[in-house]
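Residue-level structure breakdown
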Amino acid sequence: SSSSRDEALRDRRAQILARGLPKQKPIEGVKQVVVFASGKGGVGKSTTAVNIALALAANDSAKEVGLLDVDIYGPSIPKMMNLRGNPELTPKNLMRPLKNYGIACMSMGFLIEETAPVVWRGLMVMSAVEKLLRQVDWGHLDYLVIDMPPGTGDVQLSVSQNIPIAGAVIISTPQDVALLDARKGAEMFRKVHVPVLGLVQNMSVFQCPKCKHETHIFGADGVRDLAKTLGLDILGDIPLHVNIRETCDSGQPVVISQPQSDAAKAYLKIATEIVRRLPVPPA
């Protein structure tokens, strides 16, 4: 029958695709990798990744946390983590991450001039990603947080297929346009067998600093509805707050500079939820 023929064709295609995939190889010294992704740019993914990395360390001081920025065209981790300069090389010719607030950081932003545009084709981008994945001496990390570029392109696929990932976190605002792309991001990770730990609803509500009136600028509960549709959990809501933006812009993220604020507490809670959903790491 035509349906059994279609099924056989699908199986054959899956076999061919699986055969062409690179063998996943762990990053030396790293126990668990958590990727932060968004289908769309401008939804606060890097800000969330930075504050969650700091929150993971703040929640458990015994844990070592690293932060890898694989956004080749628009690296923002150096500014947010208040780091600049070139990484030193080890005797084995590996790059040593730069460190601030107890977090080891690596980014394309350390390897190029701050104002220089990266005008590269796909192959050069993939080569840079490979270097950031394989030629960095992380020491020993419990968690490596990876800040992905927006979208579902070569970089996301390459990272997902080259290293074992403990889980992915999808960031979105409640806006319909952002939700469409967030859904694509979640579906992409499912296709490459990366477990999606849940969604973060960012810029969920704006509270007027004067009268305390709350406004849902990007709509209310859009990410919650998407999570229900996809059968995923909501890890938490982060308000649209000027402090979050200002502290990241000044290189003093809110989790570090204002740990008692509602915004910092939201990140700390999400970090706890992430850890709860991660598989038990290898001993």
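Structure: above.
Now for a description of the structure that goes with this document. Just so it is clear, the structure is predicted and the values come from calculations on it, not from any experiment. (Residues numbered from 1 in each chain as written. Predicted model: local features only at pLDDT ≥ 70, side-chain atom pairs only at ≥ 80, totals over all residues. Heavy atoms only, no water.)

Comments concerning the overall build of the protein chain
What counts here: Secondary structure is summarised from DSSP: a helix means a run of H or I of at least four residues, a strand means a run of E of at least two, and numbering begins at the N terminus for each. To sort residues, take the accessible area from a 1.4 Å probe on protein chains only and compare it with the maximum for the residue type: under 20% means buried, over 50% means exposed, and anything in between is partly exposed. Here the accessible surface of atoms and residues is derived via Shrake-Rupley with a 1.4 Å probe, and residues count as covered only by protein chains that are part of the display.
Scanning the protein chain from N- to C-terminus turns up ten helices and nine strands. Counting over 283 residues, the protein chain shows a buried share of 46%. For the protein chain, the accessible surface area stands at approximately 14700 Å², while carbon and sulfur atoms represent 53% of it.

So, the pattern of salt bridges
Quick note on the threshold: Salt bridge criterion: a side-chain nitrogen from Lys or Arg within 4 Å of a carboxyl oxygen from Asp or Glu.
For the structure shown, the criterion picks out five salt bridges. We note a salt bridge from aspartate 142 to lysine 31, for which the minimum N-O separation is 3.7 Å. Highlighted residues: aspartate 142 in strand S5 (residues 141-147) and lysine 31 in strand S1 (residues 30-37), separated in sequence by 111 residues. Owing to a relative accessible area of 41%, lysine 31 belongs among the partly exposed residues under this scheme. Arginine 276 is paired through a salt bridge with glutamate 273; the nearest N and O atoms lie 3.0 Å apart. Separated by three residues within a single helix, arginine 276 and glutamate 273 lie in helix H10 (residues 262-277), roughly one turn from each other.

Things to note about the nonpolar core
We apply this condition: Working definition of a nonpolar core: buried Ala, Val, Leu, Ile, Met, Phe, Trp, Tyr and Cys residues. They are joined through side-chain atoms within 4.5 Å. In what follows, a contact means two residues having at least one pair of non-hydrogen atoms within 4.5 Å.
Counting 78 residues, the largest nonpolar core has Trp138, Ile146, Val159, Phe189 and Ile274 as its most contacted members. A total of eight residues in this core trace back to one element, the largest contributor, which is helix H2 (residues 45-59). Those residues in contact with valine 159 that lie beyond four places of it in its chain are Val70, Val129, Leu133, Ile146, Met148 and Ile165.

Points about the environment of phenylalanine 110
Along the chain, the position of phenylalanine 110 falls in the loop between strand S4 (103-107) and helix H4 (122-134). Distance from phenylalanine 110 to proline 97, taken between C-alpha atoms, is 9.4 Å for residues 13 residues apart in sequence. Those residues within four positions of phenylalanine 110 in sequence are excluded, and the remaining contacts are Pro78, Leu83, Gly85, Asn86, Pro87, Leu98 and Cys105.

Thoughts on unusual backbone geometry
Positive phi outside glycine occurs at asparagine 82, with the angle close to 55°. Examined against the element boundaries, asparagine 82 turns out to sit in the loop between helix H3 (77-80) and strand S3 (98-100). Relative accessible area serves as the criterion here: at 38%, asparagine 82 is assigned to the partly exposed category. Here the phi dihedral of tyrosine 101 falls at roughly 50°; this positive angle occurs in a residue that is not glycine. Structurally, tyrosine 101 is set in the loop between S3 and S4.

With respect to the side chain of aspartate 147
Looking at the element boundaries, aspartate 147 is found in strand S5. A relative accessible area of 0% means that aspartate 147 is categorised as buried. Setting aside its immediate chain neighbours within four residues, aspartate 147 contacts Phe36, Lys45, Ser46, Ala49, Leu68, Asp69, Val70, Asp71 and Ile77.

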